[in-house]
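# A look at the structure
Chain by chain, the residues run as shown.
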Amino acid sequence: YTVDDPAVSVSYTVYKPKTASATEPAPAIFVVPGFTRTKATMAQYAVELSKRGSVVFTIDPGSQGGTTHAGYEVDPVTGEYVLDSQGNKIQNGYSSGRSGAGYILQYVYNNIDEFDYIDRDRIGIVGHSAGGGDATKLAADFAGNTYEESIIKALYFSGYIKTSAANVFYKLRCNTAMSYPKYDEGAFRYQ
């Protein structure tokens, strides 16, 4: 599938278990691959999570695979585009734009009729490397003030996580797990 919007085109794949329906909505998990990776590189995780009963959305991050670019900065509270001093929309870079995952999350969450098989009270996000940083920032963007208000209820990230992502940990209002092995990528940059 592709979300075609005048602002952005984000390519994603849905892994839907047969048990997910409007009468039996399933948890949703958004999977964000790392830098220079596409949704295909995360397929093994998506298949396994779907086999276990979750609807899984994998994306091609900004400017990778079928996604044109990461889109434009959007205020997570108002949903309005963020403008520069000249009134132009600010285009996201890879990390600051959450890889386009924010667009997919909002698209799925707000299109209740199209995605009626999603339990909106059980949404999680998984990311690796740059995708882990983006997943962390996205969980903070949609955190609200409490766990109950948070759209994302669970976050799992792995691989090299930059300080810019770590600086948002205090904003998280969800269950969170991190895997950062001693010999994983970026381990020489431990802080």
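Above: the structure in question.
Below is a short write-up of the structure. (Residues numbered from 1 in each chain as written. Predicted model: local features only at pLDDT ≥ 70, side-chain atom pairs only at ≥ 80, totals over all residues. Heavy atoms only, no water.)

## Here's the deal with the packing of aromatic side chains
Definition in use: Classification of ring pairs uses Phe, Tyr and Trp, with its six-membered ring standing for Trp, and accepts pairs whose centres are within 6.5 Å; under 30 degrees between planes counts as stacked, over 60 as edge-to-face, and the remaining range as tilted. Three labels apply to residues, based on accessible area from a 1.4 Å probe with only protein chains included: buried if under 20% of the type maximum, exposed if over 50%, partly exposed otherwise in between. A ring is considered to have a charge above it if a Lys NZ or an Arg CZ atom is located within 6 Å of its centre and within 35 degrees of its normal.
Scanning the model with the defined rule gives six aromatic pairs in all. Aromatic side chains Phe-115 and Tyr-117 sit 6.1 Å apart centroid to centroid with 65 degrees between the ring planes, which places their arrangement in the edge-to-face category. Residue class for Phe-115 comes out buried when judged on its relative accessible area of 2%. Members of the aromatic cluster, connected to one another through ring pairs, are Tyr-12, Phe-30, Phe-57, Tyr-107, Phe-115 and Tyr-117. Stacked on the ring of Tyr-117, the Lys or Arg Lys-16 has its end atom at 4.1 Å from the ring centre. Here the guanidinium or amino end of Lys-153 rests over the ring plane of Tyr-147, the centre of that ring lying 4.8 Å away.

## Here we look at the layout of surface pockets
Convention followed: Put simply, the grid is 1 Å and covers the protein atoms alone, a cavity is a trapped set of points that fit a 1.4 Å probe, a pocket is an open set with protein on both sides within 12 Å along at least five of seven lines, and lining residues have an atom within 4 Å of a point. Grid points are joined across faces, edges and corners, and a volume is the space filled by probe spheres set on the points. Strands here are runs of E lasting at least two residues and helices are runs of H or I lasting at least four, both read from the DSSP assignment and numbered beginning at the N terminus. When residues are sorted by character, Ala, Val, Leu, Ile, Met, Phe, Trp, Tyr, Cys and Pro go into the nonpolar class, Asp, Glu, Lys and Arg into the charged class, and all the rest, Gly among them, into the polar class.
Each pocket or cavity is described by its volume, and for the largest pocket that value is around 320 Å³. Forming the walls of the largest pocket are 16 residues, and the residues nearest its centre are Met-42, Tyr-45, Gly-127, His-128 and Ser-158. Contributions of two or more residues to the lining of the largest pocket are made by helix H1 (43-51), strand S5 (118-128) and strand S6 (154-158). Looking at the lining of the largest pocket residue by residue, the classes come out as seven nonpolar, seven polar and two charged.

## Some words on the pattern of salt bridges
Pairs can form between side chains of opposite charge whenever their charged atoms are close. Going by this rule: Any carboxyl oxygen of Asp or Glu that lies within 4 Å of a side-chain nitrogen of Lys or Arg is treated as forming a salt bridge with it.
Under the criterion given, the structure shown has two salt bridges. For the salt bridge of Arg-52 with Glu-48, the shortest nitrogen-to-oxygen distance reads 2.9 Å. Between Asp-119 and Arg-122 there is a salt bridge; the shortest N-O distance is 2.7 Å. According to the relative accessible area criterion, Arg-122 is partly exposed, its value standing at 40%.

## Here we look at the side chain of Asp-119
Let me state the cut-off plainly: Between N or O atoms, a polar contact is any pair within 3.5 Å; within protein, one atom must be a potential hydrogen donor and the other a potential acceptor, and residues adjacent in sequence are included only when both atoms are from side chains. The contact definition used throughout considers only heavy atoms, calling two residues in contact when any of these lie within 4.5 Å.
In this structure, Asp-119 sits in strand S5. From its side chain, Asp-119 meets the backbone nitrogen of Asp-121 in a polar contact 2.9 Å long. With sequence-adjacent residues up to four places away left out, Asp-119 is seen in contact with Pro-25, Ala-26 and Pro-27.

## Comments concerning the environment of Gln-106
Along the chain, the position of Gln-106 falls in helix H2 (residues 101-110). Judged by its relative accessible area of 22%, Gln-106 falls in the partly exposed class. Expressed as a C-alpha distance, the spacing of Gln-106 and Ile-151, which sit 45 residues apart in the sequence, is 9.9 Å.

## Points about the environment of Thr-23
Tracing the backbone through its elements, the reader meets Thr-23 in the loop between strand S2 (9-15) and strand S3 (26-32). For Thr-23 and Tyr-117, which are 94 residues apart along the polypeptide, the C-alpha to C-alpha distance reads 7.5 Å. Of note is the side chain of Thr-23, whose polar atom sits 3.1 Å from the side chain of Ser-21.

## Focus: the nonpolar core
So the rule is basically this: Only buried residues count toward a nonpolar core. Its members are Ala, Val, Leu, Ile, Met, Phe, Trp, Tyr and Cys residues joined through side-chain atoms within 4.5 Å.
By size, the foremost hydrophobic cluster in this structure holds 33 residues, and its most contacted members are Phe-30 and Phe-57. Mapped onto this core, the elements with two or more residues apiece are S2, S3, strand S4 (55-59), H2, S5, helix H3 (130-141) and S6. Looking at which element gives the most residues to this core, the answer is H2, with five residues. Ignoring sequence-local partners within four residues, the contact set of Phe-57 consists of Tyr-12, Thr-13, Val-14, Ala-28, Ile-29, Phe-30, Val-31, Ile-104, Val-108, Phe-115 and Ile-118.

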